[in-house]
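Coordinate analysis (summary)
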Amino acid sequence: MTDNSEEFKKESKELEDLFKELDKYEKIQQGLNTESSAENLQDLGEIKDIINLLSNTVETPAATTESVNNYDELVKSYESLKYNFNVVTKFTNSSNNPDPEYSREGDSGFDLRAYLKESVTLKPLERKLIPTGLRFELSANTELQVRPRSGMALKHGISVLNSPGTVDEGYRGEVGVITVNLSNEDYTIEPGERIAQGVIMNVVGQRITKLIKTGTLTETQRADGGFGSTGKE
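My aim in this report is to walk through the structure given alongside it, one point at a time. Not measured: the values here are computed from a predicted model.

**Thoughts on the sheet that holds strand β11 (residues 194-202)**
The pairing of strands in a sheet happens through backbone hydrogen bonds and is either parallel or antiparallel. With respect to topology, four strands assemble into an open sheet ordered β2-β11-β6-β8, the strand pairing being antiparallel. At either end of the open sheet lies a strand with only one pairing partner, and these are β2 (109-113) and β8 (165-167). When strand polarity is set aside, the average angle formed by the axes of neighbouring strands in this sheet is 35°.

**Overview of the nonpolar core**
By size, the foremost hydrophobic cluster in this structure holds 22 residues, and its most contacted members are Val146 and Ile189. Taken together, the elements giving at least two residues each to this core come down to β2, β3 (120-122), β5 (134-137), β6 (142-147), β7 (158-160), β10 (187-189) and β11. When sequence neighbours within four positions are dropped, the list of residues in contact with Val146 reads Leu112, Val160, Ser163, Pro164, Gly165, Val167, Val175, Val177, Ala196 and Gln197.

**Let's talk about the packing of aromatic side chains**
Per the stated rule, a full pass over the model turns up three aromatic pairs. Residues Tyr102 and Phe110 carry aromatic rings whose centres are separated by 5.5 Å and whose planes lie at 85° to one another, so their mutual orientation is edge-to-face. Here Tyr102 falls in the partly exposed class, since its relative accessible area comes to 45%. Judged by relative accessible area, which is 6%, Phe110 ranks as buried.

Thresholds, definitions, all that
Residues numbered from 1 in each chain as written. Predicted model: local features only at pLDDT ≥ 70, side-chain atom pairs only at ≥ 80, totals over all residues. Heavy atoms only, no water. Pairing = 2+ DSSP bridges. Helix = DSSP H or I, 4+ residues; strand = E, 2+ residues; numbered from the N terminus. Axes fitted to C-alpha atoms, helices over the stretch in contact; angles between N-to-C directions. Core = buried A, V, L, I, M, F, W, Y, C linked by side-chain atoms within 4.5 Å. Buried < 20%, exposed > 50% of the residue type's maximum accessible area, 1.4 Å probe, protein only. Contact = heavy atoms within 4.5 Å. Phe/Tyr/Trp six-rings, centres within 6.5 Å; stacked < 30°, edge-to-face > 60°.

So this is what it looks like as structure tokens:
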């Protein structure tokens, strides 16, 4: 088979078209576009098949062989990204409460329970730091957000004061929940009670972003309009 064969031209064109899609992976690699990652990663199998065909069945000149090899390395690099989407969050639990877990398929958050020796009562508008006994080791470019539980907020007015609370990637201390009673009645938190939920989130933090001081900012149509500047209707 020669380099001018129709099959070679066809496969080369196919390879070229597929690699035009690879700029999508730059966004994936930066953690900015994970929604389309599963669909994009499926293309890798097709790309690898073509690379194998070009490498094993087509007699190519040195330049083409080098190009194919470069593509092969690039595919391997992007293929490894699929493991990055399976984010691993490690934790220790020094409490006597069950370990945190996702209750149902598709859940965004897991319950955080009160680690108490005895009940704690919150008076109206009172706030207290409730320990959980949990410590986390977060993956790079993620944070743990501490959010209120909707049922407690609706039924009892119990919320997280600094919602969402942020647990940074490098923090290894115990996670506490700043719990506030926004109702008009006392509320008692029992040991082991589910008081909040934790949600692991991607974050554009120190590893990715850079703060640059500048003398001027670009102008926009909105400018400095805020605090209800668009009106109520």
